[in-house]
Every structure is written in C-alpha cells, then in structure tokens.
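# Architecture and fold: a report
Here's the letter readout for the chains.
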Amino acid sequence: MQDMSGSSTPYSKILNLTLTLTNYPILAQKIRIQMRNELFVRGVIAPDVFEDEAQRKAIISQQMEGLTNPQKQEPAEIWERRSDLVRDNLTDFYFAYNLPYHLFQEIVRKAVNENRVDQRPKEVLLTFNPELAPWAMLFSQAEKYTSYPPELFDKVKHHLQQIIVVLLKGFVSDQLAFLGIARKVINIYDLRQIKTRRIGRGKIGGKSAGMYLAYKILIQNTPDDPFNFRDYIDIPETYFIGSDVYYDFKIINDFEQFTGHKYLSREEIEERYPALQKAYAKSRLSNSITEKLHGFLEKIGTCPIIVRSSSLLEDNFGSSFAGKYDSVFLPNQGTIEENLTALTRGIIQIYASVMSPDALFYRQAQNLDDYDERMAILIQKVQGEQYGDYFMPYLAGVGFSKNPFIWNDKLRAEDGFLRIVCGLGTRAVDRVDKDYPRMVGLSHPQLRPIKGADIIKYSQRFIDVLDLKENVFKTIPFTEVLSSDFSGIQFLASVDEGSFVKPIYALGKAIPSEKLVLTFDNMLKNTDFVKLMKAILKKLAKYYKCPVDIEFAVQLIPAYPKPKLKIFLLQCRPQSSRGVTQKVEIPTNILPKNQIFTTDYLVPQGVVDDIKYIIYIDPLIYSQIPKNSVRMEIARIVGKLNQRLEGEPFILMGPGRWGSSNIDLGVKVTYADIYNTRMLIEIAMTRGGITPEVSHGTHFFQDLVESDIYPLSLYPDKPGIIFKRNFLTTTKNSLERLLPKYNNFTEYINVIDVPKTCGGKRLRVAMNEQANKALGYLYK
C-alpha cells in the first residue's frame, strides 16, 4: 500500500539515517515511535498485525542462530532487546515502502528540534494514540517519561498515566473500579515485571490483579502509617497464565461446544457436568504452552506451588466468586516430567471448574450469565517452611476490615475480624470437619465467642500440610507436627490444665503434645500481629473506599524481645456486605403459642419477613439415618426444593453444619442447592451430637452474604431457649405436594406451608446483633 501524496521512500536513505542515529538511542527511539504511529494512523498496517509479525520474525532470528528451544535458551532481557530490534527493522521497512520521504524528514527534524534543550517546548505532546499502539511502544515511551528531570516530568505525567491505564486494561484488568485505584499506585516497572512473568498474552485476571494492587497500596508509605509496611508485607513469588490461553485451550480441544451450557436448565447442567469433566480430563494444553510450563518448572525447581483460578470475574466489586473455582496444591517433588503432568492437570482442573454447576448458578444469581467468562491462572510458590516431611506456613487465615458479626457489645465492627489457623489456610476459608479456626475481633482480640471449657472443645485439632515425602496434600492431627520444641510454639498453643488453658510462659520443659491446645493467645497478646493486621485492613479499606477482605500467610521470625512478622498477601477483594442494615427491636408482646424459636448465639442484624415455607430436617432423625446414600439423597431433595420454591419466601432449618463435606455433621449441600433460601438455620442438639460451626469468614459465608441469605445457629438444649420441635416435626408436610416423586422422604424432610397450616399466619425472624438475640414467630 502506498500513500498517494508522494513516491515511496528509498529504503537505503532511511537505513543510512537510522544507522547514524545509533549513537543517539533516545532520539532514534522517539523517531521510530512517531514512524509507527504514522503507519497505524494511515492504515498501512494494524498494530496487532505489526506486533504479531515482529514476534514471529524474532523467533525466526533465534532459530537462525541455532537456538532449538528459544523459550528456555534465551534470557528475558535478551529476548526483549531482540524484539525491539526486529520492531525497528519492520518500522523502517514498512515506512520506506509505503510513505513519502518528506514525511520521514519532517519526523526527524521535529524530533531533533525537540531534543535540543534550548528549544524544549513548554508543553510535551503525546504524538500517538496509546489505545492503538503496540505494548512495546507504550513501555518504551513510558520508561522514557520516567527518566525525565522533574521540571519536564511534570509536563508528561498525565501522558504517562494514560499509558499505564491502557496497559492495565490490556493485560491486568479493565474493571473501572480497579483502574481508578490501580493507576495511582502501579507504575510502568511493575507492569514490566508482570509482563515478564506471564505466559500468553491475555489478562491476568481478578485474583492476580487484586493481590498485586493490595501489595502496592500497602508498600506506598504515607505519613499516617503506623508501620513501615515494606518491612512487614510481601507477596509470594508469582507467575501468570493469561486468559487467552484458556480460549486457545478450548479451541484445540473442541470445547467451544460447551460455552452455551450456562443457558441450560439446572437439571441439564447437573446432568451433563460429569461427562464434561471426563472430556476435560482427556484434554491437553497446546505444545507451546506446555514447553513454557516446562521451562517454568526448570526455573523454580522442586519448591511446592499452588495453581489458582484468576478469572476476569473474580474478586470484583459486588461479586467475589469465593470458592467457586478450584485451586490445586502441588508438592512438586517428582521428576520434572511428573511435575509437569501434575501442573497441566491442575490447570485443566481449574478450566473445568468454570463449567461447574456451582459456578454457573452463582453467575446466574449475580446476573453475570451473559458475560463471557475468561479464566486466567495464577501460579505461586507456597509460602511456608519445611517441618520434617511436611511443608506449611506457620499461620494463615482470612481478614475482614469490617467485622461481619458482633458477639459482644464491646466489639467494634470497624476494627475488623480474623479467622486464623496453623498450617495451610484452607482450614480458614473452607468449612472443615470437627475442627474450629480461631475467630478474632480485632478491637478486643482476647474476647472470644466461647468461654471456659468450650475453648478446648472449639479449637483447631487438625492442620492442612503438603507431604513432601508422599508428594500429596494431606490433613493430619496437629500433634504430628507441633510439640514443645517446635519453633514459636508458645505463640500458637496453650496448655490444657483440665478445667482451663494456660499460656506457655517459658520454654525448656517438655509439654506432652496431647496437652497442647491451639489458642493463638500469645500471638494475639504478645506480638505486633493484631496491630499490624488492623493497620493493613484499615489502609486497604481506605484506598478501596469500601470494606475489604484478604487471605494471608504469616512467617514468624525469631527476635528479642518479641518476634518479627512477615505477612504474605495471597488475595484481596471488596468485602461482601448486606448494605445498610436496619434497626431491629425484638418484640416482647408475642404470645407464647406463636413463638417458634429463639437464639442468643452470634446473631446477625436484620429481619426476614413474610416467610411462607419452612424446610425442616430434624437433627435427631438425621443422626439416626444408617445409610449415607439416604443422607446424600436428602441433600439432592433440598436442591430440588430450592428450585421448586424459587420466588417463594422460604427458610432452611437443619442439623449442624449445612454444606459440610462430612455427611455425618450436616446436610451436604452446595451453593447451587440453597441460593434461593432467605435463611440457613443450623441446629445443634446435644442428644444428636451435632454441633454447628460458625460459617463467618469462610467461602460458604461469602455466598450467604452476597445472596442476602442470613445464617443463624440454634442451641435448643441451652437454658432459656425456645425451640418448638413438636411444631416443626408434626405440622402437615407439603413435600409430597411440591415434589411427588420424593414422597418416601417425608419422614426426614418436613416442608411446612405456614399460611395453610397456621390459619393464614406467616413466619417472621427478627435478629438484633447488638443484643445478640433472635426470635422466630408467627404473625398475621
């Protein structure tokens, strides 16, 4: 293609002049940037086509030099220089054969004049459109701007910010709420580092973006910071797989046919998912991506890693997707070929989870089902240390800048909340069996929701670790790792003295492992941990202009008189909330016959009104069911009722831990089975032996909050508590009417149509968080 205003440029003239400029690299760079801009603006070649050709020819030049495996044999900085040289040659070529020589002369003359100090313009203009320019040009121009002296930098800083926003949108995130914060704290060198650690060319996704943004916010020291956060904050060594790799994966495996599954009915989605999982299990990544992953594993060696989802929808303002997509821990202790197989299987497992019923139903509930999901991948070295055959962090957990529930009127919600465990943080974010993380209200960290002997009962007994010898993720009793000679044990554990627990005041005397209780008391009282976490959460919430939640791991560094701490940020996102909470008074004039239940344990704030249906599963009857197959079927029926009663106000009441992976402890439902309910009530009966674990701080809790589902725990055997079990078990059952196919389960599931069976009355549940009281009662 030629410009019709003049003849094409002799290539030798441009070549001679650009060779002359080799001694003036900044000037030459400026000239070529303007030359490329002219090529793009005049339609000689599109920016993406130009960049693709430059990349292709750079690879060919490697092969001509005898590099048989270019991705592994050439360092990143040499590759960048090679790519720059190829871009320059292509620029000269396309300009010479398509645009007039006088235009070239004009570009050179203008650049030379602007380069003279005595003729430096009062205003520096950005002479190309960053939205159309190749990324290499943007990096080059931005890095040039940062080298300007202060008086000139002030004239270009708005251009620099524009370039940074374009690059952020290009390969980090295009969410406007994110960009508004990120452009103020992420610089061009941060973006260069992200780019060099990325496989593929797509965006790195929400989880990656949120983690990196939080890190950059914290290390920007401000006068009101109580800590020099640079000394206390870090992120694990992190690598990214761009979202474009997911598209390529679907194409080479013919998986585009599954894209429309999100529009199927619930039954069809659930029915087809097992076959889809099998198809994904037989799939593969492209050869080029596999080669790059091989090179990555060679670089990092045999350190444990975690493969995490980082979809473009994750961790956004308003929809966290907490726990909807898989994460895969890899001990990474095999041969490099074995580790590569495990890594590719982990990536494919995450890709398959995009199509899981839980993820698809969550997207529907958040009105995101029309959005084309794009899955990026985050690969991190697992933060922790080796203890014998096991690898784990000293401590891990989740933190909320606004305490999501208040169990004592002394607690201040604005000071935040933690849920912490020893070992891998999976036990802090997931609902676990027969185990209890430590919950911490940061305004009063020693104030527990439990007292006395219950401190031992409701403590952590198991830890999640990576077994390096067996090369697997494993859950073990904490006594297999922790003992009185474990470094830092005094900050994790207390001693069981029978009727009370006693902190470990001094080391040296052996303490039987079975007497250790994970209380974290000294960690909360005698280190900077509480002050540090409170400061971290407050600063992040200030920049986000809303409450946030984070996931983190902690390294304890021995020092005197108190240990030093290093907090590794793993994730940050806006905190799910119910918006403005209403003032609630618990009525005192309700007739006893209309009072159905009360509770005084970890009560949230709000009112659930106009309840038409109660789905009740009796804890005592459930505990006596001999077959797990029956319990699994009960969970399936709950899911069917959730669908059948869509649009009707109903609540779920049942044994112990809703959503538990241990079917003995509660009904094994997922978000897909309960998202239409107004409340999820967990009932603990001493006779049934099932005790509900508080969900606050878990991914399960995130689901409830985002879907405006109230969690509530009932303890019927507690003195002073009202619990009308007879009403809940004997009132006429509507299960057969709603789901005739499951009429043989009426002895396990009682569906109460409240207006039909109670003379037109409905159920209301009033909950007062400050008073820590809730009342469920019939009204008309």
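Residues numbered from 1 in each chain as written. Predicted model: local features only at pLDDT ≥ 70, side-chain atom pairs only at ≥ 80, totals over all residues. Heavy atoms only, no water.

## Describing the environment of Ile 634
The test is simple: Secondary structure follows DSSP: runs of H or I at least 4 residues long count as helices, runs of E at least 2 residues long count as strands, and numbering of each begins at the N terminus. In what follows, residue pairs with any heavy atoms lying within 4.5 Å of each other are defined as contacts.
Tracing the backbone through its elements, the reader meets Ile 634 in helix α23 (residues 628-644). Spatially, the C-alpha atom of Ile 634 lies 7.4 Å from that of Val 667, the residues being 33 residues apart in sequence. Contact partners of Ile 634, with chain neighbours within four places excluded, come to Ile 617, Tyr 622, Ile 625, Val 667, Phe 745, Tyr 748 and Ile 749.

## Describing the confidence of the model for the protein chain
The condition that has to hold: pLDDT gives the predictor's per-residue confidence on a scale running from 0 to 100.
Put simply, the protein chain has an average pLDDT of 86, and 89% of its residues get 70 or more. Confidence drops under pLDDT 50 across residues 1-9; counting only partners more than four residues distant or on other chains, this segment forms 28 contacts.

## Brief notes about the pattern of salt bridges
In plain terms, the rule: The salt bridge criterion pairs a side-chain nitrogen of Lys or Arg with a carboxyl oxygen of Asp or Glu, the two atoms within 4 Å. Only protein chains enter the accessibility calculation, which uses a 1.4 Å probe; a residue whose area is less than 20% of its type maximum is buried, one above 50% is exposed, and one in between is partly exposed.
Tallied over the full model, the rule gives 36 salt bridges. One salt bridge connects Glu 551 with Arg 573, and the closest N-O pair in it is separated by 3.9 Å. Linking Glu 551 in strand β17 (residues 548-557) with Arg 573 in strand β18 (residues 564-574), this pair joins segments that are 22 residues apart in sequence. Classification of Glu 551 by relative accessible area gives buried; the value is 10%. Arg 764 is paired through a salt bridge with Asp 609; the nearest N and O atoms lie 2.7 Å apart. Taken together, the residues Arg 764 in strand β26 (residues 762-768) and Asp 609 in strand β20 (residues 606-611) connect sequence positions 155 residues apart. What emerges from the salt-bridge pattern is a single network uniting Arg 32, Arg 36, Asp 88 and Asp 92.

## Quick word on the sheet that holds strand β14 (residues 493-496)
Put simply, the rule reads: Any two strands with at least two DSSP bridges between them are considered paired. For helices, the fitted line uses only the C-alpha atoms of the stretch in contact; every axis is such a line through C-alpha atoms, and the angle between N-to-C directions lies from 0 to 180 degrees.
The strand order across the open sheet built from 3 strands is β15-β14-β16, with neighbouring strands paired in antiparallel fashion. Each edge of the sheet is formed by a strand with only one pairing partner; in this case those strands are β15 (501-503) and β16 (516-518). Each adjacent strand pair in this sheet contributes to an overall mean axis angle of 45 degrees, direction not counted. With 3 bridges connecting them, β14 and β16 associate as antiparallel partners. By the bridge assignment for β16, Val 495 is matched with Leu 516.

## Describing the side chain of Asn 403
Tracing the backbone shows Asn 403 in the loop between β9 (395-400) and β10 (417-421). Residue classification places Asn 403 among the buried positions, given a relative accessible area of 5%. Aside from chain neighbours lying at most four places away, what touches Asn 403 is Leu 411, Ala 413, Gly 416, Phe 417 and Gly 441.

## Quick look at the nonpolar core
Note the cut-off: Working definition of a nonpolar core: buried Ala, Val, Leu, Ile, Met, Phe, Trp, Tyr and Cys residues. They are joined through side-chain atoms within 4.5 Å.
Judged by nonpolar contacts, the single largest core of 114 residues is most densely connected at Leu 191, Leu 395, Leu 482, Met 523, Phe 529, Ile 536 and Phe 552. Apart from the residues lying within four places of it in its own chain, the contact partners of Leu 482 are Met 392, Cys 422, Ile 489, Leu 492, Ser 513, Leu 516 and Leu 518. Counting residues in each nonpolar core, the second largest holds 36 residues, with Phe 255, Phe 258, Tyr 280 and Tyr 325 among its members.

## Some details on helix α9 (residues 176-185)
For α9, the full list of buried residues reads Phe 178, Leu 179, Ile 181, Ala 182 and Val 185. Contacts made by the buried residues of α9 are with α8 (150-171), α10 (188-196), α11 (206-219) and α21 (529-544).

## Concerning α8
How we decide: Helix span, as expected, comes to 1.5 Å for every residue beyond the first. The reported bend at a residue is simply the angle between two axes, fitted to the 7 residues ending at it and to the 7 residues beginning with it.
Compared with the 32 Å implied by 1.5 Å per residue over 22 residues, the 29 Å span of α8 between its first and last C-alpha is a close match. The largest bend in α8 comes to about 50 degrees, at Val 156. Residues of α8 that are buried: Leu 152, Val 156, His 159, Leu 160, Ile 163, Ile 164, Val 165, Val 166, Leu 167, Leu 168 and Phe 171. Looking at the packing, one finds that the buried side of α8 touches α7 (135-146), α9, α10 and β1 (198-199).

## Structural notes on the packing of helix α3 (residues 47-64) against helix α5 (residues 76-96)
Operational definition: Roughly parallel means an angle under 35 degrees; roughly antiparallel, over 145; roughly perpendicular, 65 to 115; everything else is oblique. Throughout, a crossing is termed right-handed when the near helix is turned clockwise from the far one, and left-handed when it is turned anticlockwise from it by less than a right angle. Gly is put with the polar residues, along with every residue not named as nonpolar or charged; the nonpolar set is Ala, Val, Leu, Ile, Met, Phe, Trp, Tyr, Cys and Pro, and the charged set is Asp, Glu, Lys and Arg.
For the pair α3 and α5, the least separation of the axes is 9 Å and the interaxial angle reads 120 degrees. In terms of orientation, α3 lies oblique with respect to α5. Like other packed secondary-structure pairs, α3 and α5 cross with a definite hand, here right-handed. Contacts from Phe 50, Glu 51, Glu 53, Ala 54, Gln 55, Lys 57, Ala 58, Ile 59, Ser 61 and Gln 62 of α3 reach α5 at Trp 79, Arg 82, Ser 83, Val 86, Arg 87, Leu 90, Thr 91 and Tyr 94. By residue class, the composition of the contact of α3 with α5 is 8 nonpolar, 5 polar and 5 charged.

## Side note on the side chain of His 294
For the record, the criterion: For the purposes of these results, a polar contact is taken to be a pair of N or O atoms within 3.5 Å, where, inside protein, one atom must be able to donate a hydrogen and its partner to accept one; residues adjacent in sequence count only when each atom of the pair is a side-chain atom.
Position of His 294 relative to the elements: it lies in helix α14 (residues 287-300). Look at His 294 and you get buried, because its relative accessible area is 12%. A distance of 3.2 Å separates polar atoms of two side chains, one belonging to His 294 and the other to Glu 337.

## Quick look at the sheet that holds strand β7 (residues 385-387)
Here 4 strands make up an open sheet; going across it, the order is β7-β8-β12-β13 and the pairing antiparallel. At either end of the open sheet lies a strand with only one pairing partner, and these are β7 and β13 (472-477). With direction set aside, neighbouring strand axes in the sheet form an average angle of 45 degrees. Where strand β8 (residues 390-392) and strand β12 (residues 462-467) come together, 2 bridges link them in antiparallel fashion. Looking at β12, one finds that Phe 391 is bridged to Leu 466.

## Focus on the environment of Leu 27
Secondary-structure assignment places Leu 27 in helix α2 (residues 25-41). In this structure the C-alpha to C-alpha distance between Leu 27 and Val 112, which are 85 residues apart in sequence, comes to 7.2 Å.

## Some details on the packing of aromatic side chains
Formally: When the centres of two rings from Phe, Tyr and Trp lie within 6.5 Å, Trp using its six-membered ring, the rings pair. Their planes under 30 degrees apart give stacked, over 60 give edge-to-face, and anything left gives tilted. The rule is short: NZ of Lys or CZ of Arg within 6 Å of the ring centre and within 35 degrees of the ring normal puts a charge over the ring.
Applying the stated criterion to the full structure yields 31 aromatic pairs. Taking 4.9 Å as the distance between ring centres and 65 degrees as the angle between the ring planes, the aromatic pair formed by Tyr 239 and Phe 296 counts as edge-to-face. Highlighted residues: Tyr 239 in strand β3 (residues 238-241) and Phe 296 in helix α14, separated in sequence by 57 residues. Here the two residues Tyr 239 and Phe 296 agree in accessibility, since each one is buried. Taken together, Tyr 246, Tyr 247, Phe 249, Phe 255, Phe 258, Tyr 280 and Tyr 351 form an aromatic cluster joined through their ring pairs. When the ring centre of Tyr 239 is taken as origin, the NZ or CZ atom of Arg 197, which lies over that ring, is 5.0 Å away.

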